[in-house]
Amino acid sequence: ADGEKGEAGMPGEKGEQGDKGGPGIDGNIFRIKAESGQPIPPEYYIWIEIINTVLETTEFGDKGEPGPQGPEGAKGAKGEPGDNGVPGTPGENGTPGTDGIPGDQGPPGEDGAKGAQGAKGDTGAPGTDGEKGDKGEKGETGQKGLAGIQGEKGEPGVDGAKGDKGPDGDCQPDDYTPCNCDTHVLVKHSQTLDAPECPTDFEALWSGYSLVFFEGNGYGLSQDLGSAGSCLEEFQLMPFMQCSSSDVCRHGVRTDKSFWLAVGAEADYTVKPMTSIDEIQDHISRCTVCLGTQYILARHSFTDTAPECPEDFSPLWEGYSYVMVTSSGVSGGGQDLASSGSCLEEFHLPTFIECLGRGTCAYYINNLDYWLAQNPDITQPGMWGMGNVYSGIEDILNMGVARCAVCAKDVQMRHINYFQD
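Thresholds applied
Residues numbered from 1 in each chain as written. Predicted model: local features only at pLDDT ≥ 70, side-chain atom pairs only at ≥ 80, totals over all residues. Heavy atoms only, no water. Helix = DSSP H or I, 4+ residues; strand = E, 2+ residues; numbered from the N terminus. Buried < 20%, exposed > 50% of the residue type's maximum accessible area, 1.4 Å probe, protein only. Contact = heavy atoms within 4.5 Å. Areas by Shrake-Rupley, 256 points an atom, 1.4 Å probe, with all protein chains shown as cover. Polar contact = N/O pair within 3.5 Å; in protein donor to acceptor, adjacent residues only side chain to side chain. Salt bridge = Lys/Arg side-chain N within 4 Å of Asp/Glu carboxyl O. Pairing = 2+ DSSP bridges. Disulfide = S-S within 2.5 Å. pLDDT = per-residue confidence, 0-100. Phe/Tyr/Trp six-rings, centres within 6.5 Å; stacked < 30°, edge-to-face > 60°. Lys NZ or Arg CZ within 6 Å of the ring centre and 35° of its normal.

### Brief notes about the overall build of the chain
Step number 1: Helices and strands together make up the secondary structure of the chain, namely 3 helices and 20 strands.
Step number 2: Out of the 421 residues belonging to the chain, those deemed buried represent 27%.
Step number 3: Relative to all contacts within the chain whose residues are 6 or more apart in sequence, the contacts with residues 24 or more apart total 73%.
Step number 4: Element-wise, carbon and sulfur atoms account for 50% of the exposed surface of the chain, whose accessible area totals about 32800 Å².

Structure, rendered in structure tokens:
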């Protein structure tokens, strides 16, 4: 029987160095090295030929039974993130939540920017009549009216009774040349920025700005352009004020308006009203009030040719027959067709500019001018031209607006001998 294995012997002495081995078998070398670790693991090189020899000469045993479960290994390192999963199907809509509790009222917001000026509104309906006021004070004496047209010569009167005998006198002739002491006012409007000159034999009294009419509380007061009242020496957007019986006057009420003869500048109805006084005055016609001894009248032809002056009258100027103007609502004013103010030397559209109590002036599309129309077909009075529309200044001047002339009575100086039998 075999005995127990003995103790290991003492290590032998180191042998001598062996002979140098022959060349190794050419072939592949299998390298074994751990990827990482501390300390740095060693590298192993094994010839593939040796491995093949071992595999060919070694007989492998049968696979053994599974051994007992080993202890739990250390926790492995965190793996790489997996691929994105397939999107799930949308869930069903949840039920609406209940209304939350109302929050506290927030602080007031800041004031918004000032809006652009709105378009001019229509004139409101007239208010109801107020109670009858107290009787006003007697007004000032009005201006002297225009002299009437000289009447026809009357029939000779009956002989008067024989007068008493006069005192004895010297029998010598005495020449006497009477003067024409009648004076007449004439107003010229240039419809430009330059004050016009007075006609020959007329003296200039003053120059100013051409006023057409006023409007207050929806009621208009027109100025005859042939009278001195249509030529104001100073320009104000609102030359008048509104006073009540309670000893209160207001100047520049928003509903008050003034209308002035324009200079023919191009009217742009889309721009904001003018507020600069210098810019506004560039749109206002200038005028001159003249004084002379000649009677003045206007004559209208109802054609495209200015009429001739009556006998013993001389023409001062020719122009276009101006009738009246209207604004919004019922406001407006007209010219006396016998006055020189009804014969304007220039034809401009629009003819006038409107100023408001708030301090602005502008041309408005609802302001209208009225002129006498041509009617050359005297066999059909009042019918020719009805329904016609004249488009463009050339058509209006050639076929629409009538012409006129302002005439002055010739002054006749006569020599009278009062001692003639």
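Okay, back to it.
### Considerations on unusual backbone geometry
Step number 1: In this model, leucine 349 is joined to proline 350 through a cis peptide bond whose omega is -5°.
Step number 2: Mapped onto the fold, proline 350 is located in the loop between strand S15 (343-344) and strand S16 (352-356).
Step number 3: Phi angles above zero are rare outside glycine, and aspartate 201 is one such case at about 70°.
Step number 4: The residue aspartate 201 is located in the loop between strand S4 (184-189) and strand S5 (203-216) in this model.
Step number 5: Not every positive phi belongs to a glycine, and aspartate 247 is a case in point at roughly 60°.
Step number 6: Within the secondary structure layout, aspartate 247 lies in the loop between strand S8 (241-243) and strand S9 (249-251).

### Some words on the side chain of serine 210
Step number 1: By the element assignment, serine 210 lies in strand S5.
Step number 2: Residue classification places serine 210 among the buried residues on the basis of a relative accessible area of 0%.
Step number 3: A polar side-chain atom of serine 210 sits 2.8 Å from a polar atom in the side chain of histidine 189.
Step number 4: If we ignore the near neighbours within four places in the chain, the residues touching serine 210 are His189, Ser230, Trp260, Leu261, Ile284, Ser285, Arg286 and Cys287.

### Some thoughts on the pattern of salt bridges
Step number 1: Going through the model one piece at a time under the given rule, you end up with 3 salt bridges.
Step number 2: When the shortest N-O distance is used, the salt bridge between glutamate 215 and lysine 257 registers 3.7 Å. Of the two residues, glutamate 215 sits in strand S5 while lysine 257 sits in strand S10 (residues 257-261), which places them 42 residues apart along the sequence.
Step number 3: For lysine 257, a relative accessible area of 6% gives the class buried.
Step number 4: Measuring nitrogen to oxygen at the nearest pair gives 3.7 Å for the salt bridge that ties glutamate 354 to lysine 257. Residue glutamate 354 is found in strand S16, and its partner lysine 257 is found in strand S10; the two are separated by 97 residues along the sequence.
Step number 5: With a relative accessible area of 0%, glutamate 354 lands in the buried category.
Step number 6: One continuous salt-bridge network, built from bridges that share partners, spans Glu215, Lys257 and Glu354.

### Details of the pairing of strand S11 (residues 286-292)
Step number 1: Of all 7 residues making up S11, 6 are buried, and the element is well covered by its neighbours.
Step number 2: When S4 meets S11, the two strands line up antiparallel, connected through 6 bridges. Across the sheet, the residue bridging to valine 185 is leucine 291, located in S11.
Step number 3: Relative to S11, S5 runs antiparallel, the two sharing 6 bridges. Directly across from tyrosine 209, in S11, lies its bridge partner arginine 286.

### Points about the state of the cysteines
Step number 1: Scanning all chains against the criterion turns up 6 disulfides.
Step number 2: Through a disulfide, cysteine 198 is tied to cysteine 290; the S-S separation comes to 2.0 Å. Here the S-S torsion is close to -90°, and the disulfide linking cysteine 198 with cysteine 290 is therefore left-handed. Linking cysteine 198 in the loop between S4 and S5 with cysteine 290 in strand S11, this pair joins segments that are 92 residues apart in sequence.
Step number 3: Cysteine 243 shares a disulfide with cysteine 249; S-S distance 2.0 Å. Between cysteine 243 and cysteine 249, the disulfide has an S-S torsion of 110° and is therefore right-handed.

### Observations concerning the confidence of the model for the chain
Step number 1: Taken as a whole, the chain shows an average pLDDT of 79; of its residues, 72% reach a score of 70 or greater.
Step number 2: Here residues 170-179 is a poorly scored stretch, pLDDT under 50, and it has 11 contacts once near neighbours within four places are set aside; other chains count.

### A short note on the pairing of S10
Step number 1: Among the 5 residues that make up S10, 5 are buried, leaving the element largely enclosed by the rest of the structure.
Step number 2: Burial along S10 is two-sided: the face carrying Lys257, Phe259 and Leu261 and the face carrying Ser258 and Trp260 are both buried.
Step number 3: Where S5 lies against S10, 4 bridges are found, and the strand directions are antiparallel. Directly across from leucine 211, in S10, lies its bridge partner tryptophan 260.

### A look at the environment of isoleucine 365
Step number 1: Along the chain, isoleucine 365 turns up in the loop between strand S17 (360-362) and strand S18 (368-371).
Step number 2: Along the primary structure isoleucine 365 and proline 350 are separated by 15 residues, whereas in three dimensions their C-alpha atoms are 9.0 Å apart.

### Section: the packing of aromatic side chains
Step number 1: Throughout the structure, instances matching the rule amount to 8 aromatic pairs.
Step number 2: Three or more aromatic residues joined by ring pairs form one cluster here, namely Tyr320, Tyr322, Phe347 and Trp371.
Step number 3: One Lys or Arg, lysine 409, reaches over the ring of phenylalanine 313 and ends 5.8 Å from the middle of that ring.

### Some words on the environment of histidine 184
Step number 1: If you trace the backbone, histidine 184 turns up in strand S4.
Step number 2: A relative accessible area of 15% places histidine 184 in the buried class.
Step number 3: Taking the C-alpha atoms as reference points, histidine 184 and glycine 292, 108 residues apart in sequence, are found 5.4 Å from one another.

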